[in-house]
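# Understanding the architecture of this molecule
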Amino acid sequence: MSLDSREFSVWVQSVLCIPKVGRKTAWKVFEEFPDGIEEESDFLDFLAEQSIKIPRMKPVAQSDASGYLKLARGIIEKTYQNKGSVLNFRDFPPKLSSSVDPPLLLHCLGDASIIHERGAAVIGTREPTEFGYNKAEELGVKLAHHKQVVISGLALGCDTGGHAGCLMGNGKTIAVLAHGLDSMYPVENREL
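We now turn to the structure provided with this report. It should be emphasised that the depicted structure is a prediction, and the values quoted were computed from it without experimental measurement. (Residues numbered from 1 in each chain as written. Predicted model: local features only at pLDDT ≥ 70, side-chain atom pairs only at ≥ 80, totals over all residues. Heavy atoms only, no water.)

The backbone of Lys-20 sits at a positive phi, close to 65°, despite the residue not being glycine. Within the fold, Lys-20 resides in the loop between α1 (5-16) and α2 (23-31). For Lys-20, a relative accessible area of 86% gives the class exposed. Phi at Lys-83 is positive, roughly 65°, even though this residue is not glycine. Tracing the backbone shows Lys-83 in the loop between α4 (62-81) and β1 (84-88). Note on Lys-83: relative accessible area 73%, which makes it exposed. (Helix = DSSP H or I, 4+ residues; strand = E, 2+ residues; numbered from the N terminus. Buried < 20%, exposed > 50% of the residue type's maximum accessible area, 1.4 Å probe, protein only.)

It is worth spelling out a negative patch on the surface at this point. Side chains of Glu-39, Asp-42, Asp-45 and Glu-49 sit close together on the surface and give a patch of like negative charge. Checked against the element boundaries, Asp-42 lands in helix α3 (residues 40-53). The class for Asp-42 is partly exposed, based on a relative accessible area of 35%. (Patch = residues over 30% accessible without salt bridge, like charges linked within 9 Å, V, L, I, M, F, W, Y side chains within 5 Å. Areas by Shrake-Rupley, 256 points an atom, 1.4 Å probe, with all protein chains shown as cover. Salt bridge = Lys/Arg side-chain N within 4 Å of Asp/Glu carboxyl O. Lys, Arg positive; Asp, Glu negative; His and termini not counted. Charge placed at Lys NZ, Arg CZ, Asp CG, Glu CD.)

To continue, consider the layout of surface pockets. Rolled over the atoms, a probe as big as a water molecule pinpoints where empty space is left. Of the voids in this model, the largest pocket is the one considered here, and its volume is about 1600 Å³. Lining the largest pocket are 49 residues; nearest its centre among them are Leu-106, His-107, Ile-174, Ala-175 and Val-176. Secondary-structure elements contributing two or more residues to the lining of the largest pocket are α1, α4, β1, α5 (94-97), β2 (105-109), β4 (149-152) and β5 (173-175). By residue number, the principal contributor to the lining of the largest pocket is β2, which donates 5 residues. (1 Å grid on protein atoms, 1.4 Å probe; cavity = no way out; pocket = protein on both sides within 12 Å on 5 of 7 lines; lining within 4 Å. Points joined across faces, edges and corners; volume = space filled by probe spheres on them.)

A few words on the pattern of salt bridges. Counted under the stated rule, the structure contains 6 salt bridges. Glu-77 is the partner of Arg-6 in a salt bridge, and the nearest nitrogen-oxygen pair spans 2.9 Å. Here the residue Arg-6 occupies a position in helix α1, and Glu-77 occupies one in helix α4, the gap between them amounting to 71 residues. Residue Arg-6 is classed as partly exposed on the basis of its relative accessible area of 33%. Classification of Glu-77 by relative accessible area gives partly exposed; the value is 29%.

In structure tokens, the structure reads:
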């Protein structure tokens, strides 16, 4: 049996469910992850062992780890129930994997495969002048015409202009949301 990407994503999410474990500590857990682990019980043993080794990480009993795994499975399943997908760091394109502070997971809605295409970020102030907004929009259109995916945060202002321009140019765009997929902020950009 080979461990599939979806189940590995559940394991990654379970580490992120542990109280006071952020991205940096979670990365430390997975730095030591052996290739041969494919069974849930082996992962739970591994997590309990790692929690003892990592400084400032509270030791995780196997029963607690099992609870975090159950919580993580619910989070991942909710994304899939909402027609989304989850990419873990093993699925990332090289540029994202080698960035300074990469995430471990991305919860995605839409065509997640475009993460592997060439792209450019369009970002700026949330309160641009009309000239600034128009330039962000023009840039989005030009990038779309050059087959570049526009990447931004879906914030009001220049981000909105970049996304909107890309769509006007029949391009592809990625909105990176820090707040999760279960809500939309800003509400004004829901349709976008």
